[in-house]
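If you want the building blocks of each chain, they are given just below.
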Amino acid sequence: MKRNWIGQAVLGLALAGLAATGAAAQEFTFKLHHFLGQQAPAQTDMLEPWARQVEQNSGGRVKIEIFPNMTLGGRPPELIQQARDGVVDLVWTLNGYTPGLFPRTEVFELPFVFVNDPKAANLAMREMFESDLREEYKGVEVMFLHAHAGQAIQTRDKLVRQPSDLKGLKMRIPTRTGAWVIEALGAAPAAMPVPELPQALQKGVVDGAFIPWEIIPALKIQDQTKYQIEGHDKTRFGTSIFQVSMNKARWDALPPEIQKAFRDASDEAWLAKAGDTWRQIDERGIKVAVAAGNEHITLTPEETNAFQAALEPVVYRWIGEVKGQGIDGEALVKKARELIAKHGGH
C-alpha cells in the first residue's frame, strides 16, 4: 500500500510538472494571419518552420498559431492594418496590396534592380533596413522582409517572346510598380489579390499574369494557362516584397528574452535560407506546369535585353514618383543594386 501511495505521489508530481510545462507554453500566444491556403508553400515551407524556430528559441514559452486564408476576417489588403490595430498579433502580407504605403522598399520590386536572386534581395533588404526602410513600417515591428523568385509571364494562350507581344493584353499584377511594368509593355494592368486569379483567367477577365511559378500548384494555374515565360538565366520582370510583422505595442511589451527568440529566428542565416526556399518552391511550380503539358519558354539573352530596354523607363518613373515624397530614389536604386551584387545576385 505504501509503495503504491509513493508511486501515485511521484506520478502526481510528474503530471504537475507536465502541466507547468504546458502553462509555460501558453505564456505568450500569438496569432499569425495570412492570405494563402494552409497547404500553400508559403505556410508549409516558410511560416511554419519560422514559427517553430521561434517557439524552440523561447524554450517553449511562445506559441504561434497560424491562421491561413484570411480565416480571421477581412481581405488581403487589410492585413497590414490588422497588425497595426492589434486585431491580430502577426501578419504575413504582400507590401504591394497597399500601394504607396512602403515606397522606399519598392526599390527592390523594380525590374532589373531585382533580376533573379531572392536570397541576394533578402540580404540586401536586411542590410538597408535600419538606414533606409524602417521609417515606413510605423505601427509594426518587422520580423523580416523577403522577396519571391520574381514576376514571370504566364498567359492563357498567347506566346510572348518580345515586348510587343504583350500589346493590348490584360495582365494581373499585385503591385503598383508591376502595373507600370505592364503599362511600359503596352498591356493593361489588372489588380487583384492572388486567390482571385484562377477565376479571372478562367473567365477571360485577364489574359495572363506577371507572377512567379511557385503559385502554380497552390492555385492550379497550370489548368488556366498554356505558356510560362521567363528571361535568360531565370531573369524575371521585377518581384514582390513580403513582410512578416508584429503589432508594435505587442512587441514593445515582450520581455527581452522573448524578443530575442523572434530576432534569432529572423537572422541573416534565416533570410538566406528563405531565399533558397522560395527558389526551390519556384522550381517545383514550373515542373507542375510542364507535367500538365504547358510550354516553359526561356527567352534568349537578346530577347531578354529587349525587355530590359523596354522596362528601364519604369525605374525612372519610380524615381520621379518618390521624389515627390522627399525620397532620393536614385540613391536607393544605386544602393539596392550594389548590395544585391554584393550578396551574389545580379
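Throughout, residues of each chain are indexed from 1 in the direction in which the sequence is written. Since the coordinates come from a predicted model, pLDDT governs what is reported: local features require at least 70, and pairs of side-chain atoms require 80 or more to be given and counted, while whole-chain, interface and lining totals use all residues. Hydrogens are left out, water is left out, and the side-chain values use all remaining heavy atoms of the structure.

1. Let's talk about the sheet that holds strand E11 (residues 295-298)
Here, strands pair whenever DSSP counts at least two bridges between them. Helix and strand labels come from DSSP, where a helix needs a run of H or I of at least four residues and a strand needs a run of E of at least two; each type is numbered from the N terminus. Ordered in space as E7-E6-E8-E5-E9-E11, the six strands form an open sheet in which the pairing is mixed. With partners counted over all chains shown, the strands left at the sheet margins are strand E7 (188-190) and E11, one partner each. Across the sheet, the mean angle from the axis of one strand to that of its neighbour is 25 degrees, orientation sign disregarded. Examined bridge by bridge, strand E5 (residues 152-155) and strand E8 (residues 208-211) share four bridges and lie antiparallel to one another. Counted as the bridge partner of isoleucine 153 is phenylalanine 210 from E8. The criterion used for residue contact is that any of the two residues' heavy atoms lie within 4.5 Å. Here, axes are lines fitted to C-alpha atoms. For helices the fit covers the stretch in contact, and angles between N-to-C directions go from 0 to 180 degrees. Contacts from helix H5 (residues 176-184) reach strand E6 (170-172), E7 and E8 within the one sheet, and its direction differs from that of E7 by about 150 degrees.

2. Side note on the packing of helix H11 (residues 301-323) against helix H12 (residues 329-342)
Running from N to C, H11 and H12 cross one another at 130 degrees; their axes reach a closest spacing of 8 Å. In terms of orientation, H11 lies oblique with respect to H12. Of the residues in H12, those in contact with Glu312, Val315, Trp318, Ile319 and Val322 of H11 are Gly329, Glu330, Leu332, Val333 and Arg337. The nonpolar class holds Ala, Val, Leu, Ile, Met, Phe, Trp, Tyr, Cys and Pro. Asp, Glu, Lys and Arg form the charged class, and all remaining residues, Gly among them, are polar. For the contact of H11 with H12, the per-class residue count stands at six nonpolar, one polar and three charged. Geometric relationships in this document are graded by angle, where less than 35 degrees denotes roughly parallel, more than 145 denotes roughly antiparallel, 65 to 115 denotes roughly perpendicular, and other angles denote oblique.

3. Quick notes on unusual backbone geometry
At asparagine 69, a residue that is not glycine, the phi angle is positive and equals roughly 60 degrees. Assignment of secondary structure puts asparagine 69 in the loop between strand E2 (62-67) and helix H3 (79-85). Backbone geometry places methionine 70, a non-glycine residue, at a positive phi of 55 degrees. Exposure is judged per residue with a 1.4 Å probe applied to protein chains only, and the accessible area is read against the type maximum: over 50% gives exposed, under 20% gives buried, and values in between give partly exposed. Accessibility expressed as a relative area gives 11% for methionine 70, which makes it buried.

4. Things to note about the confidence of the model for the protein chain
On average, residues of the protein chain score 93 in pLDDT, and 92% of them are at 70 or above. The pLDDT score gives, residue by residue, the confidence of the prediction method on a 0 to 100 scale. The low-confidence segment residues 13-25, where pLDDT is below 50, has six contacts with residues more than four positions distant or belonging to other chains.

5. Concerning the pairing of E8
Alternating residues of E8 divide into Gly208 and Phe210 and Ala209 and Ile211, and every residue in both groups is buried. When E6 meets E8, the two strands line up parallel, connected through two bridges. If you follow arginine 172 over to E8, its bridge partner there is alanine 209.

6. Some points on the nonpolar core
One broad rule of soluble globular proteins: the nonpolar side chains tend to lie buried together. In this description, a nonpolar core means a group of buried Ala, Val, Leu, Ile, Met, Phe, Trp, Tyr and Cys residues linked to one another through side-chain atoms lying within 4.5 Å. The biggest cluster of nonpolar side chains holds 111 residues, and the ones touching the most others in it are Trp50, Ile64, Trp92 and Phe262. Those residues in contact with tryptophan 50 that lie beyond four places of it in its chain are Leu32, Ile64, Leu90, Met143, Phe144, Val244, Phe262, Ala265, Ser266 and Trp270.

7. Thoughts on the side chain of threonine 304
Its location among the elements puts threonine 304 in helix H11. Relative accessible area serves as the criterion here: at 5%, threonine 304 is assigned to the buried category. We define a polar contact as two N or O atoms separated by no more than 3.5 Å, with the added condition that, inside protein, one atom must be a possible hydrogen donor and the other a possible acceptor, whereas residues neighbouring each other in sequence contribute only through side-chain atom pairs. Engagement of the side chain of threonine 304 in a polar contact is seen with the backbone nitrogen of histidine 232, the distance being 2.8 Å. Beyond its immediate stretch of four places on either side in the chain, threonine 304 contacts Phe112, Gly231, His232, Thr235 and Leu299.

8. Some words on the packing of aromatic side chains
The description of an aromatic ring pair rests on the distance of the ring centres and on the angle between the ring planes. Between rings of Phe, Tyr and Trp, where Trp is taken as its six-membered ring, a pair exists when centres lie within 6.5 Å; planes separated by under 30 degrees are stacked, by over 60 edge-to-face, and by other angles tilted. Applying the stated criterion to the full structure yields 14 aromatic pairs. When the centroid spacing of 6.3 Å and the interplanar angle of 75 degrees are considered together, the rings of phenylalanine 210 and phenylalanine 237 count as edge-to-face. With phenylalanine 210 in strand E8 and phenylalanine 237 in the loop between strand E9 (227-230) and strand E10 (241-247), this pair connects stretches of sequence that are 27 residues apart. In this structure phenylalanine 210 comes out as buried when scored by relative accessible area, which is 1%. Note on phenylalanine 237: relative accessible area 2%, which makes it buried. Counting every residue linked through ring pairs, the aromatic cluster contains Phe30, Trp50, Phe144, Trp251, Phe262 and Trp270. Charge-over-ring placement is defined geometrically: NZ (Lys) or CZ (Arg) within 6 Å of the ring centre, and within 35 degrees of the ring normal. Taking the ring centre of phenylalanine 30 as reference, the NZ or CZ of arginine 250 above it sits at 4.1 Å.

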